[in-house]
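Survey of secondary and tertiary structure
Listed here are the chains, written in short residue letters.
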Amino acid sequence: MPSLADIASAKARFEQQVQPLLARFAESKIATGEQVTPPQLVDALRQLFVVLERDTAEWDPSLPEDEAERIGDLSIGLLMDLATWAERLGERKTKAALEVISVSIAAWLVQEQQPIHTLDPIVNGLAILANAEADPTALAALARLMGAVVAAAEADYAADLESNDPQRPWRILLFNWGITATRAHAPELMRQAFAALQKFLPADAPLFFQEGRQQVLQGEFPEEVRKVMLEAAAGSTHSLH
């Protein structure tokens, strides 16, 4: 499997996935008015992929310092818009594929040490990848990427102002990081994810750890993994008193 940050591979997957979406849109005869259409979004993303494929060291030095940040965020935003069209047109598989492709842009941003501003499609794509994976080594790689995405998005999302919305992407990302690290049987990654949960979601973390405690006691987990989860659950119980 190519690295998720491999833009050439992401571009190839993009070209494959947009064909049925473009065909369905052409058949739909939807009156779009002032809306940006799927063909327009695809054309814009093709141009962005050309830029993303080039080594940033070879970019025009006169470009603004935040150009990589801007290009990455724009690409993720357009992929999200195209995924919305895919859902509207009943192309659910294409929607999921586009969200996975947004993970590749996120991995590229992480690689370029740039912040991440748009989380929704990335969180969905990471969940799709994690749910489809059973190999602990691959899950550990996904958990590391989730942690890197958390770090890259922290400046925008750490305040987590919409605390009443359980579906907010920041909350889902932090939970999925903890779950994926546990499924990877990776104690150190678990400690990192659990520390982030306690830091950013102190009101939600205790229930997460108590549910995790039940899972590791009932399931087949290495002793060190069980120990880390039980310690986190015990600590969260104490913090409630």
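Procedures and definitions
- Residues numbered from 1 in each chain as written.
- Predicted model: local features only at pLDDT ≥ 70, side-chain atom pairs only at ≥ 80, totals over all residues.
- Heavy atoms only, no water.
- Core = buried A, V, L, I, M, F, W, Y, C linked by side-chain atoms within 4.5 Å.
- Buried < 20%, exposed > 50% of the residue type's maximum accessible area, 1.4 Å probe, protein only.
- Helix = DSSP H or I, 4+ residues; strand = E, 2+ residues; numbered from the N terminus.
- Contact = heavy atoms within 4.5 Å.
- Salt bridge = Lys/Arg side-chain N within 4 Å of Asp/Glu carboxyl O.

Focus: the nonpolar core
Counting 78 residues, the largest nonpolar core has F14, L98 and F194 as the members making the most contacts within it. For this core, the element with the highest residue contribution is helix 6 (residues 136-157), accounting for 11 residues. When near neighbours in sequence (up to four residues on either side) are disregarded, F14 contacts V42, L45, R46, F49, L79, L82, L98 and I101.

Observations concerning the pattern of salt bridges
Going through the model one piece at a time under the given rule, you end up with 12 salt bridges. Among the ionic pairs, K95 bridges to E99, the shortest N-O distance being 2.7 Å. On the criterion of helical spacing, the pair formed by K95 and E99 is a turn pair, its members being 4 residues apart in helix 4 (residues 92-111). Classification of K95 by relative accessible area gives buried; the value is 17%. E99 gets classed as buried once you look at its relative accessible area, which sits at 6%.

What to know about unusual backbone geometry
One non-glycine residue with positive phi stands out, namely K29, at about 55 degrees. With respect to the helices and strands, the residue K29 is situated in the loop between helix 1 (7-28) and helix 2 (38-53). With a phi angle near 55 degrees, H185 is a residue other than glycine that sits in the positive phi range. Relative to the helices and strands, H185 is located in the loop between helix 7 (169-183) and helix 8 (187-200). Relative accessible area serves as the criterion here: at 32%, H185 is assigned to the partly exposed category.

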